[in-house]
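# Architecture and fold: a report
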Amino acid sequence: MAGVGDAAAPREGGADGAERDGRAEAEQLGGGGGGHGPPPAPQHTETLGFYESDRRRERRRSRAELSLFRFLSAELTRGYFLEHNEAKYTERRERVYTCMRIPRELEKLMVFGIFLCLDAFLYVFTLLPVRVFLALFRLFTLPCYGLRDRRVLQPAQVCDVLKGVILVICYFMMHYVDYSMMYHLIRGQSVIKLYIIYNMLEVADRLFSSFGQDILDALYWTATEPKERRRAHIGVAPHFFMAVLYVFLHAILIMVQATTLNVAFNSHNKSLLTIMMSNNFVEIKGSVFKKFEKNNLFQMSNSDIKERFTNYVLLLIVCLRNMEQFSWNPDHLWVLFPDVCMVVASEIAVDIVKHAFITKFNDITADVYSEYRASLAFDLVSSRQKNAYTDYSDSVARRMGFIPLPLAVLLIRVVTSSIKVQGILSYACVILFYLGLISLKVLNSIVLLGKSCQYVKEAKMEEKLFNPPPASAPGKPSSKSQNKCKPSQGGFEETLSASVTSQPSHQKENAIPLLVTSSSDQLLTTPDGDEKDITQDNSELKHRSSKKDLLEIDRFTICGNRID
């Protein structure tokens, strides 16, 4: 540094040069004495220049190494580790496994539900006529034995008689509807018109099903309501007229559906049948991309069960009409068989795809279908209890939207018009066929009841069938009076969709409402004075909260609806 100062002094000259020499010597002395002053500016500049030149050399080297070969080599040899995001990939794998389980779990629910519908449908043809006969026999022979009870007929018998009379009246009314004229009228329409008509019929069928069971329930309750608790209503006759009109119009609607399907089967190019089956795939678009909760999926599952069973009955009607036209030639049955299989396969495929993607998009596990099956089984088991509040066929109608009366009227009309019974041998065959239907009904009921008990036990719901009623507080009616009102359903609010086919007895004003153990876990509304009685059983009601949403789903379900 001294040498630099000496060389700079002659160039600067004068006092300035001397001053710089003195400053340089002071800096030299300070550095030698271990001073802590800042490093000289020329050294810092040299360091920055070194780093800058080093960066420039690195850039030149990297640019020289860039080549297409190195890029391809990096793309082919680069790696990654999936375990760094283990939770994400595990969830994706579980979704795939859920989609793989959906077909099996869904079809188990569908098969169980279809047999439930079959049991309710066979009841109309087999046991209902016998029950109506027994009720009429009691009605006509009652004067011989004297009136031992205030009721001429029990509420269940009144409902059976009403169902039987509605069936007979609607059957004779259906004779005024010409099936052949309807077939040729529909066949003369263009394909696009028939496609629109079929879609309109599907919507109308859901609307009829949603309102039809309410009409029938209103009739049953109006006819069986105790006189002491009779409320303002328009009377039994207007309700009966509305029920007959509903069953007749719904039967005609289903007949038009069957006729349209028959026209599609008999078309030469099968274009209408293809369009009608493609309509099922359009259903996927309207369902899978919407939010679904577990209750909504239960509604859709019940609607799919009802729709599939109804389609099977419609296919049976189409086959009967076609076989009649070809003089019951068995060779023609094999002509219809591929089309029938195509319709059934498309329905199954659409249901599987729809439910698989709904469960995937809404993170619903496949085990939920076991819960749905247990809820349906609970309805069947509870309807067999001594204190049952509804008939099983009505329970299926409310849960799934399947009302067997209109479909039964149409099937009876088609069978009687397609099959001619003449001679003693023919009547013997009819009797044997009826006995076979009874045997099938009994066998189906036994198997379903056994399976239902198994599903209820697996779901740990059997305690709900045998829960004792809450104990009465001091000052309440005695146990004898409570036993009198035990089968009564008068404490129910009508908004809870309580059954109208129960057998209510006269209930005193101060009687407390009881928890009905055979109902679908319906909670009662209690007066303010009786709230303490219900709070005593809070421990018994805790286990009901998990299944309450499924068991009470029929209270806010539109029968046969779609979740849009």
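In what follows, the structure referred to is the one given above.
Notes on the structure in this doc start here.

The rules behind the values
Residues numbered from 1 in each chain as written. Predicted model: local features only at pLDDT ≥ 70, side-chain atom pairs only at ≥ 80, totals over all residues. Heavy atoms only, no water. 1 Å grid on protein atoms, 1.4 Å probe; cavity = no way out; pocket = protein on both sides within 12 Å on 5 of 7 lines; lining within 4 Å. Points joined across faces, edges and corners; volume = space filled by probe spheres on them. Helix = DSSP H or I, 4+ residues; strand = E, 2+ residues; numbered from the N terminus. Nonpolar A, V, L, I, M, F, W, Y, C, P; charged D, E, K, R; others polar. Buried < 20%, exposed > 50% of the residue type's maximum accessible area, 1.4 Å probe, protein only. Expected span 1.5 Å × (residues − 1). Contact = heavy atoms within 4.5 Å. Phe/Tyr/Trp six-rings, centres within 6.5 Å; stacked < 30°, edge-to-face > 60°.

### Here's the deal with the layout of surface pockets
- In this structure, the largest pocket spans a volume of roughly 1200 Å³.
- Elements represented by at least two residues in the lining of the largest pocket include exactly helix H5 (86–125), helix H6 (127–145), helix H7 (155–174), helix H12 (294–325), helix H16 (404–418) and helix H17 (424–458).
- When the residues that make up the lining of the largest pocket are grouped by side-chain class, the tally is 29 nonpolar, three polar and one charged.

### Things to note about the environment of Ser-271
- Relative to the helices and strands, Ser-271 resides in helix H11 (residues 271–285).
- With a relative accessible area of 23%, Ser-271 lands in the partly exposed category.
- Along the sequence, Ser-271 and Val-191 sit 80 residues apart, while their C-alpha atoms lie 7.8 Å from each other.

### What to know about H11
- Spanning 15 residues, H11 covers 22 Å between terminal C-alpha atoms, matching the ideal 21 Å at 1.5 Å per step.
- What H11 keeps buried is the set Leu-272, Leu-273, Met-276, Met-277, Asn-279, Asn-280, Glu-283 and Ile-284.
- For H11, the secondary structure elements touched by its buried residues are helix H9 (191–224), helix H10 (236–266), H12 and helix H13 (330–361).

### Some thoughts on the packing of aromatic side chains
- In this structure the tally under the stated criterion is twelve aromatic pairs.
- An angle of 80 degrees between the planes, with centres 5.0 Å apart, marks the rings of Phe-121 and Phe-125 as edge-to-face. With Phe-121 and Phe-125 both in helix H5 and four residues apart, the pair spans about one turn of that helix.
- Exposure remark for Phe-121: the relative accessible area of 5% places this residue in the buried category.
- Residue class for Phe-125 comes out buried when judged on its relative accessible area of 16%.
- Consider the rings of Phe-208 and Tyr-246, whose centres lie 6.4 Å apart with planes at 20 degrees: the pair is stacked. Of this pair, Phe-208 sits in helix H9 while Tyr-246 sits in helix H10, and the two are 38 residues apart along the sequence.
- For Phe-208, a relative accessible area of 27% corresponds to the partly exposed category.

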